[in-house]
Every structure is written in structure tokens, then in C-alpha cells.
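# Coordinate inspection notes
The residues making up each chain are set out below.
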Amino acid sequence: MQVILRQIGDSIIRRVDSSDLISIMEINMKTLPEHYSDYFYESLLAELPEAFLVAQKGSTYIGYIMCKSEFGFSNFKKLGFVKKGHLVSVAVLEEFRNNGVGSALVEESIKGIQTKQCDEFYLEVRCSNNEAVKLYERLGFIIKQRLRAYYRDGEDAYMMAIEF
Ligand SMILES: CC(C)(COP(=O)(O)OP(=O)(O)OC[C@H]1O[C@@H](n2cnc3c(N)ncnc32)[C@H](O)[C@@H]1OP(=O)(O)O)[C@@H](O)C(=O)NCCC(=O)NCCS
């Protein structure tokens, strides 16, 4: 049974199941230069279904978010070793943007990450991606680091993180 996590106007956010993956890959191809193998999508769904979410308007898929969790050095505490959520990818189709769907996807994924006892949540974003940087800042993420030439085309990323 599909459980609706959130309603935004006439769009909904719910958890992904494996039959949604092709539609999610199509949104990824249309919206982002970073693409992944089928196996990668399947493995994130198996690992962290609580934070692999899709947005739909009627039968149309309009956005998704997918995350993973890992252990590593804290982005906040000196010498701390913590469990961290990692926002791998989020996108909303252009014609459905600026309606709160992207923010709602990130907020719902934060709740999913928190159920996995993560202490922090982090992501990388292109330094030129002002819309996304603003959205993350509005939700409480802080720019922690600039990662030089992080992307294949040479662009720098901001590493942004939030502590729970
Ligand atoms: C980043 C992205 C996911 C945001 O999605 P979105 O659905 O437009 O996000 P939101 O609608 O929640 O927020 C966008 C803006 O709309 C505004 N907004 C939110 N709800 C709104 C509403 N009901 N009416 C009007 N505007 C609204 C928000 O305030 C926000 O503006 P602000 O950040 O200047 O405050 C989207 O731009 C995208 O897919 N980009 C391409 C992929 C990408 O860059 N992903 C991130 C990679 S790290």
C-alpha cells in the first residue's frame, strides 16, 4: 500500500517502490547532469527507503529525492565520528518548480534520515546553483566547505550540512 507522507496543493509525496525507478531515472535525465546506474538506484532504495521519495501530481511523476547513510567524521564536532545521512540527488521537473515541492521533498527526507538515528545530514551542490543553495539554507543547512573541481566539468561544490 502506498502511504502519502505529505500533500502540497494537488501533488503528493510518498515513498518510492521499485516500479517507480524508471520514471525517477527519466526525471534525473531531464534535470541534472549527474546520472547513475540502475543498480545504484536499486541499492539506495534497498538501503534507505525512508528517504527515497517521489512527488506525483495525479499520475505524473514530478520530482524525487534519494539519500544514503554512512559513518564518518562529523562536519560539526572536532574529532567526532558520527552516522550521517547523505542527500545524493533531488530534482523537480522545471514546469512544476516554485510550488514548494522541492522543499517538501527535502523536509520529508530529513524526517526519514532522522528515523535512522543519523546525527547529521549533508550534501554537495554546485556553487552556481543559487536556487538549490537558497532552498537548503532556508531549511537550516550551512555551507561547511568549498570542494574544488568536485564535478567532472571542473565546477566547485559547496558541501552543506545540518546537525540534528
Ligand atoms: C532545487 C529544486 C529541487 C527546487 O525545487 P522546487 O520545487 O522549485 O523548490 P521549492 O518550490 O520548494 O522552492 C523554490 C522557491 O519557490 C518558493 N516557493 C515555495 N513554495 C512556493 C509557493 N507555494 N508559491 C510560490 N513560491 C513558492 C520558495 O520560497 C523557493 O524560493 P527561495 O528558495 O528563494 O525561498 C529545483 O530547482 C530543481 O530540480 N533543480 C534542478 C535539479 C537540482 O539542481 N537539484 C539540486 C542538486 S544539489
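Our subject is the structure listed above.
From a predicted model like this one, the values you see are computed outputs, not experimental measurements.

## Here we look at the overall build of the protein
Of the regular secondary structure elements, the protein holds four helices and eight strands. Order of helices (α) and strands (β) in the protein, N terminus to C terminus: β-β-α-α-β-β-β-α-β-α-β-β. Looking at the protein as a whole, 31% of its 164 residues qualify as buried. Sequence-distant contacts, at least 24 apart, represent 62% of the contacts inside the protein between residues at least 6 apart.

## Here we look at the nonpolar core
Of all hydrophobic cores here, the largest spans 37 residues; its most connected members are Leu 53 and Leu 105. Elements that contribute at least two residues to this core include exactly helix H2 (38-47), strand E3 (53-57), strand E4 (60-73), strand E5 (81-92), helix H3 (101-114), strand E6 (120-126) and strand E8 (157-163). Broken down by element, the residue count for this core peaks at six residues, all from H3. When residues no more than four places from it in sequence are discounted, the contact partners of Leu 53 are Leu 5, Ile 13, Arg 14, Arg 15, Val 16, Tyr 64, Ile 65, Leu 105, Glu 108 and Ser 109.

## Quick notes on the site of the ligand
In the region of the ligand, 19 residues are neighbours, and Val 92, Arg 97, Gly 100, Gly 102 and Ser 103 sit closest. Tallying contributions element by element places helix H4 (residues 130-138) first for the shell around the ligand, with five residues.

## With respect to unusual backbone geometry
Non-glycine residue Leu 79 carries a positive phi angle of around 65 degrees. Note on placement: Leu 79 falls in the loop between E4 and E5. You can call Leu 79 exposed: it has 6 C-beta atoms within 10 Å. Phi is positive for Asn 98, close to 60 degrees, though the residue is something other than glycine. Relative to the helices and strands, Asn 98 is located in the loop between E5 and H3. Note on Asn 98: 9 C-beta atoms within 10 Å, which makes it exposed.

## Some thoughts on the pairing of E6
Counting buried positions along E6 gives five out of seven residues, so the element sits mostly inside the fold. Summarising the sheet, E5 and E6 pair through four bridges and their orientation is parallel. Bridge assignment links Gly 85 to a residue of E6, and that residue is Phe 121. Handedness of the E5-H3-E6 crossover: right-handed.

What counts, and where the lines are drawn
Residues numbered from 1 in each chain as written. Predicted model: local features only at pLDDT ≥ 70, side-chain atom pairs only at ≥ 80, totals over all residues. Helix = DSSP H or I, 4+ residues; strand = E, 2+ residues; numbered from the N terminus. Buried ≥ 20, exposed ≤ 12 C-beta atoms within 10 Å, placed from the backbone. Contact = placed C-beta atoms within 7 Å. Core = buried A, V, L, I, M, F, W, Y, C linked by C-beta atoms within 7 Å. Near = placed C-beta within 6 Å. Pairing = 2+ DSSP bridges. Right-handed = clockwise from strand over helix to strand, strands pointing away.

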